[in-house]
Every structure is written in C-alpha cells, then in structure tokens.
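What the coordinates show
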Amino acid sequence: MMMDDLFPEQAADALPAVDRASGLSRLEAFVGKAGGTYAKGRNYDLGPGRHQLVSCLSAHLRRRLITEAEVIDAVLSRHNFPAAEKFITEIYWRTYFKGWLEMRPSVWQQWLSDLDRLPRHAELEKACSGQTGIACFDAWAHELTHTGYLHNHARMWFASIWIFTLRLPWQQGAEFFMAHLRDGDPASNTLGWRWVAGLQTRGKPYAARADNIDQFTKGRFAPHGQLNEQIYAVDGPENPPASPLALPDLTPSVCDGRPYIFLLTAEDLHLDSLPLADAPACVAGLPALFGNHQLKAEKRWLRSPAVDQMDALALKDALTRAENSFAESGTEVINLDTDHSGQQALASDQLIDQTAQHLADLCQRLQVSDLVTAYLPVGFWCAHYQRLAAHPALSSARWHYVTRAYDRQAWPSATKGFYPFKSKIPAWLGRR
Ligand SMILES: Cc1cc2nc3c(=O)[nH]c(=O)nc-3n(C[C@H](O)[C@H](O)[C@H](O)COP(=O)(O)OP(=O)(O)OC[C@H]3O[C@@H](n4cnc5c(N)ncnc54)[C@H](O)[C@@H]3O)c2cc1C
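All figures in this text were calculated on a predicted structure; none of them were measured in a lab. (Residues numbered from 1 in each chain as written. Predicted model: local features only at pLDDT ≥ 70, side-chain atom pairs only at ≥ 80, totals over all residues. Heavy atoms only, no water.)

Overview of the overall build of the protein
Selection rule: Helix and strand definitions here come from DSSP, where helices need a minimum of 4 consecutive H or I residues and strands a minimum of 2 consecutive E residues; each element is numbered from the N-terminal end. In this setup the radius of gyration rests on C-alpha atoms only. A globule is expected at 2.2 Å times the number of residues raised to 0.38. The contact rule is simple, with two residues in contact once any of their heavy atoms fall within 4.5 Å. Areas reported as accessible are Shrake-Rupley estimates using a 1.4 Å probe. Residue values count occlusion only from the protein chains shown. Here Asp and Glu are counted as negative and Lys and Arg as positive; His is not counted, and neither are the chain ends. Charged side chains are reduced to one point each, which is NZ for Lys, CZ for Arg, CG for Asp and CD for Glu.
Helix and strand content of the protein: 20 helices and five strands. Computed over the C-alpha atoms, the radius of gyration of the protein is 21 Å, within 12% of the 22 Å expected from 2.2 N^0.38 for a compact globule of 432 residues. Once local pairs closer than 6 in sequence are excluded, the contacts in the protein between residues at least 24 apart make up 76%. When the accessible surface of the protein is split by element, carbon and sulfur atoms take 51% of a total near 17900 Å². Computing the positive centroid from 43 side-chain charges and the negative centroid from 47, the protein places the two 7 Å apart.

Put into structure tokens, the structure is as follows:
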C-alpha cells in the first residue's frame with residue numbers, strides 16, 4: 001500500500017512517506033533551511049502541501065526511523081549551534097516531554113481513564129468532522145483527518161479553540177489528534193494539549209487570537225469575532241512529582257552471550273544505531289496494533305486504521321533493513337503482524353494471546369529464551385508489551401531492554417520546566 005492510498009488528499013510531494021529512506025531524503029532537502037530560514041519561518045502555517053518552512057520529520061522521529069541524534073548531527077554539520085539553536089531546541093521539546101511523562105506515568109493513565117468516562121456529545125462529532133462554522137478550525141479538522149499532519153501553530157490554535165471557544169474537554173481533543181496524526185505521540189500529544197489548557201505550565205493557557213491566525217496563515221484565515229480570547233486555565237490537579245527514572249544502562253552483553261530474539265516495535269525502528277554487540281538469532285516485528293489502544297467503555301480501537309497501516313509499513317521497512325544488516329549472521333527476520341491486526345479485527349486480549357503464542361512457538365523452535373527490545377516509553381506499545389511479558393505462554397522468557405545514550409543523557413533532567421532543561425543542551429551536545 002502506498003502513502004497516497006492511506007491519506008488520499010495528500011499531494012505526492014507534500015509529506016514524506018514514513019520509511020527511513022524518505023525521512024533521510026526529507027532531512028537532506030530540509031537541512032539547509034534548519035538555521036535562519038526555520039527560525040524566521042517556522043510559525044507560518046502556509047496550508048496543506050505547503051509546509052516547506054518546517055521539517056515535516058515528526059512521523060520519522062516519533063518512530064525513530066531517523067533518530068534525534070542523527071538529525072542534530074546533520075543540522076550541526078551545516079550550521080553552527082547559535083544559527084540552528086531554534087530547530088535543535090524544538091527537537092529537544094520532544095525529548096523533554098518524553099522524559100517528563102516517563103517520570104509521571106499517572107498523567108497518561110489519567111488521560112486514558114478520562115476517555116472512558118467522558119460522554120460523547122453531538123458537539124464533539126461536529127468539531128471532529130469540521131462542521132463548527134469557524135472556517136480555520138474546520139479546515140484544520142479536515143487537513144488532520146485527510147493528511148495526518150498539522151503544522152505546530154495550527155495544533156496550538158486548534159487545541160485552544162477546542163478548549164476555550166467550543167468548550168470541549170481537552171482529553172477528547174487529544175484523542176482526536178491521536179486517532180489521526182501520523183506522528184501521534186503519547187508524550188508530545190498529551191502534554192501539548194495540557195500545555196494549551198494551562199495544566200502543564202500551571203495557570204498559563206494558550207489563547208488563539210484572530211490577529212495572530214491572520215498574520216501566520218498569511219491571511220488564509222481571519223476569524224475576527226469568532227474566538228473566545230479571554231481565557232482562564234482549565235481546572236485540574238497539580239502536576240505529580242517526578243518519580244525516579246529507572247533507565248537500564250544495558251550493554252550488548254545483556255544476554256551474557258546467549259542467543260536472543262530482538263523484538264522490533266514502532267517506538268524505535270533504527271536497529272543499526274542501537275548498542276547491540278552480537279547479532280540477534282532472530283528479529284521479530286511485533287504487530288502494528290500494539291501501537292493502538294482499545295477503549296474499555298466502547299471496545300473500539302482509538303487510532304485510525306490509516307495510522308495502524310503506517311506503523312505496519314514502517315515496521316516492514318525496518319525488517320527489510322534488518323535482513324540486509326544481519327545478512328551475514330544468519331539472523332532470521334519475521335513479521336508477527338498479521339493481515340488482521342492492521343485492520344483492527346482483533347480484540348485487545350486476542351491480540352496478546354495470538355502474539356504470545358507465535359512468540360512462544362518461535363522461542364521453542366529457535367531454542368531461545370532471551371527477548372530484547374529497545375526501551376519502550378510510556379504509551380500503547382509499552383502497555384501491550386507489558387501484557388505480553390506477563391502472558392503464561394511466555395513465562396520462561398527473560399525480557400531485556402536496550403536504551404539509547406541520548407535518552408539516558410537528557411530524560412532525567414525533565415524534572416522541572418523546559419527552560420532549566422533547555423539550558424543543558426549546549427553541554428549535552430558537547431559531550432556526545
Ligand atoms: C496540541 C499539540 C499536540 C501535539 N501532538 C504531537 C504529537 O502527537 N506528536 C508529535 O510528534 N508532536 C506533537 N506536537 C508537537 C509539534 O506540533 C509537532 O512535533 C510538529 O508540528 C511536527 O511537525 P514538524 O516535524 O514539521 O516540526 P518542526 O517544526 O520541523 O520541528 C522539528 C521537530 O521538533 C520536534 N518538535 C517541534 N515542535 C515540538 C513541540 N511543540 N513539542 C514536541 N516536539 C516538537 C518534532 O520532533 C519535530 O519533528 C503537538 C503540539 C501541540 C501544540
């Protein structure tokens with residue numbers, strides 16, 4: 001399946017396909033603009049198919065088809081740090097949010113429970129289908145569901161109008177984004193919505209203003225008189241304190257030389273840059289549906305089939321690369337995704353049972369008990385993986401994480417606000 005089949009209105013040249021080669025070409029095309037052009041132009045939302053002033057690399061970074069370190073290296077090979085500071089800082093927003101949520105997983109759990117609790121009103125359906133009568137908002141709802149992407153400024157305006165003008169719960173807005181974004185990410189999305197609501201940076205909500213929208217859409221939209229610009233932060237509990245971060249510092253000797261199966265997930269699809277000294281006996285791709293979530297109350301999957309398919313294609317791309325990378329080592333490469341999983345035909349329990357059984361058979365055939373995967377941060381992949389690890393069919397397996405130096409370096413500093421975190425970036429870059 002091609003990207004155009006997933007999101008039919010996406011012009012062929014608009015957004016890069018979500019595989020490593022397309023991510024690298026987009027990086028190559030964009031890197032020259034990552035200095036002054038980005039700093040000056042990044043706030044302009046020029047509309048679908050015209051997002052050339054930003055990188056459009058989020059879907060690749062989110063899945064680590066290309067890594068943060070790789071993007072930063074490419075940018076610093078063309079610009080000095082002061083010139084590229086704005087762009088590099090944005091990359092570190094992703095990192096900060098990851099670390100912040102990792103140390104406060106209850107914020108994620110609370111969002112999921114809220115989704116099961118909140119009623120679904122007709123106003124919600126109107127907003128999601130772009131029928132509110134606010135032209136900019138309706139156009140962004142359409143762009144999101146038809147391309148899977150929104151510019152950062154549009155995400156901020158959209159979330160603000162959702163919360164403060166339409167008075168809809170932020171949690172359901174975050175659900176709408178997660179359902180359709182090609183880069184849907186537990187940390188950036190949940191905390192991005194909480195930031196707009198004034199819950200993340202306490203008491204400082206973000207107001208979408210008609211003048212600002214007019215200016216930064218270059219007059220495409222001017223919703224004067226339609227927006228509530230007098231806003232107050234949404235009520236909510238204080239942010240929980242940071243819990244200690246236990247990132248295992250595992251080295252390739254993780255399995256003491258025993259053969260192991262590497263489990264590939266769409267949280268980290270660049271196997272070549274993971275610290276693995278020995279080649280795995282087998283690389284097995286977990287089903288793309290592991291990146292989705294079945295809502296308890298309604299029993300439906302949260303994320304759209306188009307985004308599941310995107311993960312399935314990204315996983316396939318990584319499996320093909322693994323075949324090449326380990327061609328000389330006799331590594332077997334297996335895709336545990338089935339045709340059904342991408343189409344959301346399975347219930348969550350069936351998905352776990354089926355995958356556990358496949359994996360148990362594989363362990364037995366290969367005489368392997370060690371299962372290794374790249375660290376899974378808070379989110380759907382991690383939740384499914386934990387259920388897999390607890391499955392009786394895999395009770396004799398030993399489970400190991402490998403972690404990246406990039407995460408170990410930065411995540412523990414996400415204890416307070418972004419600015420103390422940001423002040424450490426030059427030192428981190430110097431020490432890599
Ligand atoms: C309400 C809301 C929800 C969001 N949901 C997501 C999400 O689910 N997934 C996601 O990847 N991003 C999310 N973002 C952040 C940001 O909007 C996107 O990362 C960015 O628009 C992606 O486009 P780009 O790659 O062209 O960004 P660029 O402007 O080119 O930035 C380069 C990279 O920096 C990172 N980045 C930039 N801005 C942010 C930011 N504000 N927060 C975190 N990382 C950032 C991304 O990895 C991005 O690819 C959200 C922002 C808001 C306000």
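Some words on the domain arrangement of the protein
As a reminder of what qualifies: Each domain's limits were defined by an automated method or a database of domain assignments. Two parts lose some accessible area (1.4 Å probe) when they are put together, and adding that loss for both gives the buried area. A side-chain nitrogen of Lys or Arg and a carboxyl oxygen of Asp or Glu constitute a salt bridge if their distance falls within 4 Å.
Parsing the protein into structural domains produces domain 1 (3–102 + 416–427), domain 2 (108–216) and domain 3 (252–402). Relative to domain 2, the C-alpha centre of domain 1 lies at a distance of 21 Å. Every contact between the two is made by 27 residues of domain 1 and, on the other side, 29 residues of domain 2. Buried surface at the junction of domain 1 and domain 2, both sides included, amounts to about 2500 Å², of which 57% is carbon and sulfur. Inspection of the region where domain 1 meets domain 2 yields three salt bridges.

Concerning the nonpolar core
Basically, it comes down to this: In this description, a nonpolar core means a group of buried Ala, Val, Leu, Ile, Met, Phe, Trp, Tyr and Cys residues linked to one another through side-chain atoms lying within 4.5 Å. Burial classes follow relative accessibility: with a 1.4 Å probe on protein chains only, a residue under 20% of its type's maximum area counts as buried, one over 50% as exposed, and anything between as partly exposed.
One finds Tyr-92, Trp-111, Trp-140 and Trp-162 to be the most contacted residues of the largest nonpolar core, which totals 83 residues. Not counting residues within four places of it along the chain, the set of residues in contact with Tyr-92 comprises Ile-72, Tyr-406, Ala-410, Phe-418, Phe-421, Ile-425, Trp-428 and Leu-429. In terms of nonpolar packing, the next biggest core, distinct from the first, is built from 56 residues, Ile-261, Phe-262, Ala-284 and Leu-346 among them.

Details of the sheet that holds strand E1 (residues 260–264)
Selection criterion: Only strands joined by at least two bridges in the DSSP assignment are considered to pair. Here, axes are lines fitted to C-alpha atoms. For helices the fit covers the stretch in contact, and angles between N-to-C directions go from 0 to 180 degrees.
Here we have five strands laid out as an open sheet, ordered E3-E2-E1-E4-E5, and parallel in their pairing. With one partner strand each, in any of the chains shown, strand E3 (332–335) and strand E5 (398–402) form the two edges of the open sheet. Ignoring strand direction, the axes of neighbouring strands in this sheet form an average angle of 25 degrees. Across four bridges, the pairing between E1 and strand E2 (residues 282–285) is parallel. If you follow Leu-263 over to E2, its bridge partner there is Ala-284. With respect to the sheet, helix H14 (residues 305–325) is in contact with E1, E2 and E3, its orientation differing from that of E3 by roughly 170 degrees.

Overview of the site of the ligand
So the rule is basically this: By convention in this text, a residue qualifies as near a molecule or strand provided that one of its non-hydrogen atoms is within 4 Å of it. We call two N or O atoms a polar contact when they sit within 3.5 Å, provided that within protein one can donate a hydrogen and the other can accept it, with sequence-adjacent residues counted only if both atoms are side-chain atoms.
Lining the immediate surroundings of the ligand are 27 residues, of which Tyr-38, Ser-55, Cys-56, Arg-94 and Asn-152 lie closest. The side chain of Arg-94 places a nitrogen or oxygen atom 2.6 Å from an oxygen atom of the ligand. In this structure, an oxygen atom belonging to the ligand sits 3.4 Å away from a side-chain N or O atom of Arg-155. Relative to its unbound accessible surface of 820 Å², the ligand loses 96% to contact with the protein. For the shell around the ligand, the secondary structure elements donating two or more residues are helix H4 (58–63), helix H6 (81–102), helix H10 (152–165) and helix H12 (186–197). With six residues, H6 is the largest single contributor of residues to the shell around the ligand. Both domain 1 (3–102 + 416–427) and domain 2 (108–216) contribute no fewer than three residues apiece to the shell around the ligand.

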